[in-house]
Number of protein chains: 2
Amino acid sequence: MEDLSDNLRRYVEMIERAWWERLKSREPSPTLYEPIKDILGRGGKRLRPCLCMLSCEFVGGDAADALPTALGIELFHNFSLVHDDIEDGSRLRRGQPTLHIKYGLPVAVNAGDALFALCFDVLCENERLLGVERAWRIFREIAALSVTLAEGQALDILFKQTMRMSVEDVIEILHKKTARLFAVSAKCGAIAGGAPDDITSKLGNAWEHIGIAFQIRDDVLNLKGSEEEYGKRIGEDIYEGKPTLIIVHCLARCNASERREIMKCLGNYDKEAIENAIRIFEKHHSIEYAEKCAEKYLQEGLKILNKTEGNEEMRQNMIALAEFFVERMK
Amino acid sequence: MEDLSDNLRRYVEMIERAWWERLKSREPSPTLYEPIKDILGRGGKRLRPCLCMLSCEFVGGDAADALPTALGIELFHNFSLVHDDIEDGSRLRRGQPTLHIKYGLPVAVNAGDALFALCFDVLCENERLLGVERAWRIFREIAALSVTLAEGQALDILFKQTMRMSVEDVIEILHKKTARLFAVSAKCGAIAGGAPDDITSKLGNAWEHIGIAFQIRDDVLNLKGSEEEYGKRIGEDIYEGKPTLIIVHCLARCNASERREIMKCLGNYDKEAIENAIRIFEKHHSIEYAEKCAEKYLQEGLKILNKTEGNEEMRQNMIALAEFFVERMK
């Protein structure tokens, strides 16, 4: 775990230094680079770019070779946060007002677009670093991911409109909105590190599973964690009508009056109503069910990871990262 | 002109067939592919993808080689329309309600993101068609363009917040928001057609100029055209506080009471106030000034085009296209 911490610190420093250098050369602009610097500067664990760099070292590459890719992935992730917050009407992100609340809707929509664009722009640096063949393969992964993400988000919006969805639909959303980005982070790190196709694809598969586990745990934390640690109001997911495994599992089991109780939380942030909804979830063992699912996906991911050829020290780091991801606060 | 029409019809058929084929394979979704089909199906002249294909044939390539690129460019253009409409609070697009009015804000933000993503996704097809080197060069052009566009949009938003801007600032916005997309359409068509760098860059330069002329003419039409032909309300630009050459030229010359009269149109669509503002523009020769600017840029663009080596018939087609672009309704 100490090695992991050292490595992560090194990666985070590389990533943060790299983008401040790049942003420095852009003309300061109150309606563009200021909100971009704001959101990028709010911290966060940088899990996805760290995974990308760790994956590169796991296959025997140099972390620096994965740097533009890791940067692109963090920019992409931030693009999706900014637009998701608009679409969900969220008011807080990492303990501060979301961009559309702080800078207004037009600036926030455009800042999100710019983060998306800057992701592809920074991927252009891979040509010089990795040669055009590898650079192109990384670009292709991220282009496909971006379509998948929009499809996942569309399903998410559909649930909010209808409040009808199966557990399978939720799993599809988890794949498209969260897990694929973890998978692509791991795969692109491996491509940057020069891994053969089968190793790249195994790493992707492992982190696709771990990514699902991560998101389910995150949804559990939104009900059981503390606001300060989480940076988002407790029960915000219920208030937003987010399609989590927990709510969908519960809605399929509860009676009409319980359903009405849960629905009272939608678009109305009332602590008592939310506590009540959580009690209904507990009654139907929906949180327990979600935690078991997360554990199953985590174990499956670790199993694949253990069978993938690579640097032993980095494998231990990756396992520690996965457990840290998923187990935090358990 | 007849050749041009025949060619354009052929290009438009290729483009529209190509994307219906691609969209057919995507799962139907009321919150994603339905709004996407809606906006793509509203017609429009497909000027940018046609330019891309024409440019490919001008340098001696086969239009089919530019097809995924042309498709990507039209998808990119539609992404920017959908998000611009949100940012500007526009209610009509091509004579119908804008996507955020018709489907709600979350669906529209996400559909725009999906169009952006689908642009890069379709560019991946270039690998098989053109080889990875040319495919990569085209990707690079569009990645850089997408950052430029967001920067232009941020300046546009800034003007709406402050209503202070110089003519030079407006020209910068015209470059970033409109002309660069024309330039990149021409350049990418040339790259797909296998043109050497100097020809590619001359074509880009020519269409950067013509693109400026096009947008200025479009802004004039918003004041002098008819609503049916234009598909947008007359004077909508003044109502939205759009930074056009006309308004910025006039604000620098009018007195305080005239400024107040113009400001009355902002966010308040009142026909009389808009007619009054147009009279003030005319008094200060601001519309005349804009038309002269457009003519200057058009002539400069045509001069460069005439000096660029390429197929003579296609050059005549390109000149006709430029004149059609800019001169329509003059």
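Further up the page is the structure itself.
Analysis parameters
- Residues numbered from 1 in each chain as written.
- Chains lettered and ligands numbered in written order.
- Predicted model: local features only at pLDDT ≥ 70, side-chain atom pairs only at ≥ 80, totals over all residues.
- Heavy atoms only, no water.
- Helix = DSSP H or I, 4+ residues; strand = E, 2+ residues; numbered from the N terminus.
- Buried < 20%, exposed > 50% of the residue type's maximum accessible area, 1.4 Å probe, protein only.
- Areas by Shrake-Rupley, 256 points an atom, 1.4 Å probe, with all protein chains shown as cover.
- Contact = heavy atoms within 4.5 Å.
- Buried area = accessible area lost by both parts, 1.4 Å probe.
- Salt bridge = Lys/Arg side-chain N within 4 Å of Asp/Glu carboxyl O.
- Least-squares fit on C-alpha atoms with pLDDT ≥ 70 in both.
- Phe/Tyr/Trp six-rings, centres within 6.5 Å; stacked < 30°, edge-to-face > 60°.
- Core = buried A, V, L, I, M, F, W, Y, C linked by side-chain atoms within 4.5 Å.

Student: What should I look at first to understand the overall build of chain A in this one?
Tutor: Helix and strand counts for chain A come out as 17 helices and two strands. In terms of its C-alpha atoms, chain A occupies a principal-axis envelope of roughly 60 × 50 × 35 Å. Within the span of chain A, comprising 330 residues, buried residues form 62% of the whole. In the structure as shown, chain A presents an accessible area of about 12,600 Å², 48% of it carried by carbon and sulfur atoms.

Student: Mind showing me how you'd approach the interface of chain B and chain A here?
Tutor: How big an interface is tends to be stated in terms of the accessible area lost upon association of its parts. Contacts between the two partners involve 43 residues from chain B and, on the opposite side, 43 residues from chain A. In total, chain B and chain A occlude about 3,700 Å² of area from one another, counting both sides; carbon and sulfur atoms represent 71% of this. Inspection of the region where chain B meets chain A yields four salt bridges. Residue Arg-140 of chain B is joined to Glu-127 of chain A by a salt bridge in which the shortest nitrogen-to-oxygen separation is 2.7 Å.

Student: Would you mind showing me how to read the relation of the copies chain B and chain A here?
Tutor: For the pair of chain copies, the relating operation is a rotation around an axis with a shift along it. Mapping chain B onto chain A calls for a rotation angle of 180° and an axial translation of 0.0 Å; the resulting RMSD is 0.0 Å. Such a turn and shift between the copies fits a two-fold axis. Measuring from the rotation axis to each C-alpha of chain B, the shortest distance belongs to Trp-136 of chain B, at 3.3 Å. Here 100% of the contact residues of chain B are again contact residues in chain A; the copies associate through an equivalent surface.

Student: Explanation requested: the packing of aromatic side chains in the structure shown.
Tutor: Think of a pair of aromatic rings as described by two things: how far the centres are apart, and how the planes are tilted against each other in angle. All told, the structure shown has 23 aromatic pairs over all chains when counted by the stated rule. Aromatic side chains Tyr-239 of chain A and Tyr-269 of chain A sit 5.8 Å apart centroid to centroid with 85° between the ring planes, which places their arrangement in the edge-to-face category. Taken together, the positions of Tyr-239 of chain A in helix H12 (residues 236–240) and Tyr-269 of chain A in the loop between helix H14 (256–263) and helix H15 (271–283) put the pair 30 residues apart, joining distant regions of the chain. Given the relative accessible area of 23%, Tyr-269 of chain A is considered partly exposed. Feature note: the residues Phe-76, Phe-79, Phe-116, Phe-120, Trp-136 and Phe-139 of chain A together with Phe-76, Phe-79, Phe-116, Phe-120, Trp-136 and Phe-139 of chain B constitute an aromatic cluster, connected by ring pairs.

Student: Would you explain the nonpolar core in this entry?
Tutor: Note on soluble globular proteins: their nonpolar side chains tend to be buried together. In terms of nonpolar packing, the biggest core is built from 249 residues, with Trp-207 of chain A together with Trp-207 of chain B touching the most fellow members. Top contributing element to this core by residue count: helix H8 (residues 132–162) of chain B, with 15 residues. Apart from the residues lying within four places of it in its own chain, the contact partners of Trp-207 of chain B are Leu-51, Ala-179, Phe-182, Ala-183, Ala-186, Leu-305, Met-318, Leu-321, Ala-322 and Phe-325 of chain B.

Student: Looking at this structure, I do not really get unusual backbone geometry. What am I missing?
Tutor: For residues other than glycine, phi is negative in most cases, and the peptide bonds are mostly trans. Phi is positive for Arg-46 of chain A, which is not a glycine, with a value near 55°. For Arg-46 of chain A, a relative accessible area of 4% translates into the label buried. Although it is not a glycine, Met-163 of chain B sits at a positive phi angle of roughly 55°. Position of Met-163 of chain B relative to the elements: it lies in the loop between H8 and helix H9 (167–192). Met-163 of chain B sits in the buried class, given a relative accessible area of 8%.

Student: Please clarify how the pattern of salt bridges should be interpreted in this entry.
Tutor: Side chains carrying opposite charge are able to pair once their charged atoms draw close together. Taken as a whole and judged by the stated rule, the model has 58 salt bridges over all chains. Between Glu-258 of chain A and Lys-283 of chain A there is a salt bridge, with its nearest N and O atoms 2.6 Å apart. Of this pair, Glu-258 of chain A sits in helix H14 while Lys-283 of chain A sits in helix H15, placing them 25 residues apart in sequence. Take Glu-258 of chain A: its relative accessible area is 9%, and that puts it in the buried class. Classification of Lys-283 of chain A as exposed rests on a relative accessible area of 53%. Overlapping salt bridges bring together Arg-26 and Asp-121 of chain A together with Glu-151, Glu-172 and Lys-176 of chain B as one network.

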